[in-house]
Amino acid sequence: MKRIPVAGPSITAREIDYVTQAVTSAWYGDAGMFHGRFEAAFANHCGRRHAIALPSCTSALHLALMALDIEPGDEVIVPDATWIASVAPVHYVGATPVFADIDRDSWCLSPEAFEAAITPRTKAAIVVDLYGSMPDWDRLNAIAAANGVALIEDAAEAIGSRWRDRPAGAFGVMSAFSFHGSKTLTTGEGGMLVLDDEKLLERVQRLRDHGRSPGDTMFFNDEVGWKYKMSSMQAALGLAQLERVDELVDGKRRIFSWYREALSDWNGGKLNPDVDGLYNSYWMSTVVLDSEIGVRKEKLIPLMRQEGIDVRPFFYPLSQLPAFRDTPEAAIARDRNTVAAAVTPCGINLPSALSLTRDDIERVASALKRLTL
Ligand SMILES: *Cc1c(COP(=O)(O)O)cnc(C)c1O
């Protein structure tokens, strides 16, 4: 029986051709030939002025926080339900993460919870487009502007999604993407930071290149920085993927529509958000089981794996992870974030790899139905 993978890319002759060109020719004076093309095309895709190719989304978020001068004593609001990479950079700069609740319909940061979590120490919020869904960006922007809070968009899971016709990557002062092998558009490992502001751009460029001013050829460092760069082979792979981005997003949306059909006669739970104004790129087709069924993810996941079907748990609330559990912020969040506590225990990400066929999806759907009877 074929194992059904949970995530994975679509690679064609175009990707192989570009990477071959990079490994053959992107050296000496041409070392940056693919970076420039990838960054320009990516900025254009997001409707941003600038894009900076990086080794990961984690490094992009770290640079964003540093460029905004977020320091110890500052608070940064993050949604409680997300991958730890959304919040780890808050820790890197020594600031305090504040875990706010998610919205029941979008699974993303709740505007009410965001507003309630703001204090005089709040400097920024990292807003996550979870599993391809997007929050109510209009309300988040209005609250942020009224309170002087900078929004950073974590769009790692949302390339191709749109909110009221604006693409993921166009929101907040800066947006961060991941090209990890599991993501819709991949470079194996990689990331991108997109932004409009020239001063922030200059700061990010200096910080990511060992404190050198952009264009420095004298190896004369102004300060100690970080080394956050992408290789030319990755940039070539990313450019090829970006030229196929509509096809990649269509593939994710097709997988979701196959699930929706195959599960149309199933009453056991609910699929990804379909809120007003959202065009969802469905990075991961996901189900949240009805609580009456009483099946938690810890029980269902091993049963699915026994059937040769790889699934993942809906992220645990950050405030429940051993990494944060004993902090005062996590204790407050566990009392306050009732939606994250209700949604996450019964959620699983279904296989959403771009290589999957309709037969694979039907096999997953029938196993899910059988195991949740
Ligand atoms: C994948 C992911 C990241 C981290 O991306 P890396 O490229 O692995 O650093 C950050 N945030 C979210 C929401 C993600 O899904």
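On a predicted model such as this, the values are computed, not experimentally measured, just so you know.

Asker: In this structure, what is going on with the pairing of strand 12 (residues 286–289)? I would like to understand it.
Answerer: Along any regular strand the residues' side chains alternate between the sheet's two faces. Neither face of strand 12 is exposed, since Thr 286 and Val 288 on one face and Val 287 and Leu 289 on the opposite face are all buried. In terms of strand pairing, strand 12 meets strand 14 (residues 347–349) through three bridges, oriented antiparallel. If you follow Thr 286 over to strand 14, its bridge partner there is Asn 349.

Asker: Help me out: how do you make sense of the sheet that holds strand 14 in this one?
Answerer: Pairing between sheet strands relies on hydrogen bonds along the backbone, with the strands arranged either parallel or antiparallel. With antiparallel pairing, four strands are arranged side by side in an open sheet as 10-12-14-13. Edge positions in the sheet fall to strand 10 (269–271) and strand 13 (312–313), since each of these pairs with one other strand and no more.

Asker: Would you take a moment to explain the nonpolar core for this structure?
Answerer: What tends to happen in soluble globular proteins is that the nonpolar side chains get buried as a cluster. The biggest cluster of nonpolar side chains holds 50 residues, and the ones touching the most others in it are Phe 38, Phe 42, Phe 114, Phe 177 and Met 192. Summarising the domain contributions, this core has at least three residues from each of domain 1 (13–242) and domain 2 (245–371). Those residues in contact with Met 192, other than ones at most four positions away along the chain, are Phe 38, Glu 39, Phe 42, Ala 51, Ile 52, Ala 53, Ala 60, Ser 175, Ala 176, Phe 177 and Phe 179. Cys 57, Leu 63, Ile 152 and Leu 207 belong to the second largest nonpolar core, which has 36 residues in total.

Asker: Before we go on, may I ask you to explain the site of the ligand in this structure?
Answerer: Taken together, the neighbourhood of the ligand is formed by 14 residues, with Thr 58, Asp 154, Glu 157, Ser 178 and Lys 183 sitting nearest. Measuring from an oxygen atom of the ligand, one finds a side-chain N or O atom of Ser 178 at 2.7 Å. Separating an oxygen atom of the ligand from a side-chain N or O atom of Lys 183 is a distance of 3.2 Å. Considered on its own, the ligand offers 380 Å² of accessible surface; in the complex 92% of this is hidden by protein.

Asker: Looking at this model, I keep getting lost on the UniProt feature "active site" (unreviewed entry) in the chain. Mind explaining?
Answerer: The positions that UniProt labels "active site" (unreviewed entry) are, in the present scheme, Lys 183. Along the chain, the position of Lys 183 falls in the loop between strand 8 (174–178) and strand 9 (191–195). Engagement of the side chain of Lys 183 in a polar contact is seen with the side chain of Ser 178, the distance being 3.5 Å.

Asker: Hey, could you run me through the UniProt feature "modified residue: N6-(pyridoxal phosphate)lysine" (unreviewed entry) in the chain in this one?
Answerer: The UniProt entry lists Lys 183 under the feature "modified residue: N6-(pyridoxal phosphate)lysine" (unreviewed entry), expressed in the numbering used here. Every residue in contact with Lys 183, bar those within four places of it in the chain, is listed here: Ala 156, Glu 157, Ser 178 and Trp 283.

Asker: Could you clarify how one ought to interpret the packing of helix 2 (residues 33–46) against helix 8 (residues 232–243) in this entry?
Answerer: Relative placement of two packed helices is described by the angle separating their axes and the distance separating the axes. In contact at an axis separation of 8 Å, helix 2 and helix 8 are set at 35° when each is read in the N-to-C sense. Read as a crossing pair, helix 2 and helix 8 show a hand that is left-handed. Residues Phe 34, His 35, Arg 37, Phe 38, Ala 41, Phe 42 and His 45 of helix 2 pack against Ser 232, Ala 235, Ala 236, Gly 238, Leu 239, Leu 242 and Glu 243 of helix 8. Split into classes, the residues belonging to the contact of helix 2 with helix 8 amount to eight nonpolar, four polar and two charged.

How each quantity is defined
Residues numbered from 1 in each chain as written. Predicted model: local features only at pLDDT ≥ 70, side-chain atom pairs only at ≥ 80, totals over all residues. Heavy atoms only, no water. Buried < 20%, exposed > 50% of the residue type's maximum accessible area, 1.4 Å probe, protein only. Helix = DSSP H or I, 4+ residues; strand = E, 2+ residues; numbered from the N terminus. Pairing = 2+ DSSP bridges. Core = buried A, V, L, I, M, F, W, Y, C linked by side-chain atoms within 4.5 Å. Domains from an automatic or database assignment. Contact = heavy atoms within 4.5 Å. Near = heavy atom within 4 Å. Polar contact = N/O pair within 3.5 Å; in protein donor to acceptor, adjacent residues only side chain to side chain. Areas by Shrake-Rupley, 256 points an atom, 1.4 Å probe, with all protein chains shown as cover. UniProt positions renumbered as here; feature names shortened; annotations may be inferred. Axes fitted to C-alpha atoms, helices over the stretch in contact; angles between N-to-C directions. Left-handed = near helix turned anticlockwise from the far one by under 90°. Nonpolar A, V, L, I, M, F, W, Y, C, P; charged D, E, K, R; others polar.

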